[in-house]
Structure formats: C-alpha cells, structure tokens
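Each chain, written out:
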Amino acid sequence: MLECVIAEDEELLRTSLMLLLGEVWPGLRIVAECEDGAGALEAIALHKPDVAFLDIRMPGLTGIEVAAALDEVSPRTQVVFVTAYDQYAI
C-alpha cells in the first residue's frame, strides 16, 4: 500500500482532496494531513511517504520550498502540486 501526506491550508479543499483520493485511489493510505508548509515538511520527514500532495501557496513554507527540502528529508517522496491559483496551473 502506498502512503501519502496531504498539505493544503484550506480545510475544505484538504477534505475534498482526501475524499476524492479515497474514491479514485483506494490503495493509497493518507498518513498525515497538514495545513502549512512546516507541518508538511515535519510529516514527510517522519513518515517518508511515497507521495506528497502539496499546495503551492501555504502559510510559512510554500509547497515549492517543501519540495526543495525533500532531497534531505525524504528523497524518494514524489510530489504532486495542488493549487487553486490558475497562474500556477499548466
């Protein structure tokens, strides 16, 4: 079973993402949900998940800053950026 961390500062969006992932990826275990970048980095360092879903804009560290730090804390963790800002969506 694959494990993930979800980091999204908006509670409604975080909950929606968790529910959607549960529906489309039943083999994915959510080991932590975080509302800011520092919490995400701490959870990733602790759990060493396979995947981290990171909001690009969060209080404190951004998702991009968290992703940049993963080489040191959990280099095998893959990152999926999530955002509601269309300037980041490609």
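Data block above holds the structure.
This text gives an overview of the structure that appears in the document. Once a new chain begins, its residue numbering starts again from 1 and follows that chain's sequence as written. The predicted origin of the model limits local features to residues at a pLDDT of at least 70 and limits the giving and counting of side-chain atom pairs to 80 or more, whereas totals for whole chains, interfaces and linings rest on all residues. Water and hydrogen atoms were dropped before computing side-chain values, which therefore reflect all heavy atoms in the structure.

Notes on helix 2 (residues 37-47)
Stated precisely, the cut-off is as follows: Exposure categories follow from relative accessible area, calculated using a 1.4 Å probe and restricted to protein chains: below 20% of the type maximum is buried, above 50% is exposed, and the middle band is partly exposed. For the purposes of this entry, the term helix denotes a DSSP run of H or I that reaches at least four residues, the term strand denotes a run of E that reaches at least two, and both are numbered from the N terminus. Note that the arc is computed from the directions linking the helix axis to the C-beta atoms. Note on contacts: a residue pair qualifies if any of its non-hydrogen atoms lie within 4.5 Å across the two residues. Pairs of N or O atoms within 3.5 Å make up the polar contacts considered here, provided that, within protein, one atom can donate a hydrogen while the other can accept it, and that residues adjacent in sequence are counted only when both atoms are side-chain atoms.
If you check which residues of helix 2 are buried, you get Gly-37, Ala-40, Ala-43 and Ile-44. Along helix 2, the residues classed as buried sweep out an arc of 125 degrees about the axis, all on the same side. When the buried face of helix 2 is taken as reference, the exposed residues oriented beyond 90 degrees from it are Glu-42 and Leu-46. Here the buried face of helix 2 lies against strand 1 (2-7), strand 2 (28-34), strand 3 (51-55) and helix 3 (63-73). Sitting at the amino-terminal end of helix 2 is Asp-36, which places a side-chain oxygen 3.4 Å from the backbone nitrogen of Ala-38. Just beyond helix 2, the residue with positive phi is Lys-48, at close to 50 degrees.

Digging into unusual backbone geometry
You will see that Lys-48, though not glycine, has its phi angle at about 50 degrees, which is positive. When you line up the elements, Lys-48 lands in the loop between helix 2 and strand 3.

Here's the deal with the nonpolar core
Heads up, the rule is: By convention a nonpolar core is built from buried Ala, Val, Leu, Ile, Met, Phe, Trp, Tyr and Cys residues, the set being connected through side-chain atoms within 4.5 Å.
Ranked by internal contacts, the top residues of the largest apolar core, which has 13 residues, are Val-5, Ala-7, Cys-34, Ala-40, Ile-44, Leu-54 and Val-66. The residues contacting Val-5, other than those within four sequence positions of it, are Val-31, Ala-32, Cys-34, Ala-43, Ile-44, Pro-49, Val-51, Ala-52 and Phe-53. The next biggest cluster of nonpolar side chains, apart from the first, holds eight residues, and it includes Cys-4, Val-51, Phe-53 and Val-82.

Focus: the sheet that holds strand 2
Threshold: The rule for pairing is simple: two strands pair if DSSP sees at least two bridges between them. Axis definition: a line fitted to C-alpha atoms, limited for helices to the stretch in contact. Angles are taken between N-to-C directions and run from 0 to 180 degrees.
Strand order across the open sheet formed by four strands is 2-1-3-4, with parallel pairing between neighbours. The open sheet is flanked by strand 2 and strand 4 (78-82), the only strands paired with a single partner. Here the strands of the sheet are splayed against their neighbours by 20 degrees on average, with no regard to which way each runs. Note that strand 1 and strand 2 share six bridges and pair parallel. Pairing of Ile-6 across the sheet is with Glu-33, part of strand 2. Lying over the sheet, helix 2 contacts strand 1, strand 2 and strand 3, oriented at roughly 140 degrees with respect to strand 2.

Scope: geometric values only; no functional claims are made or implied.
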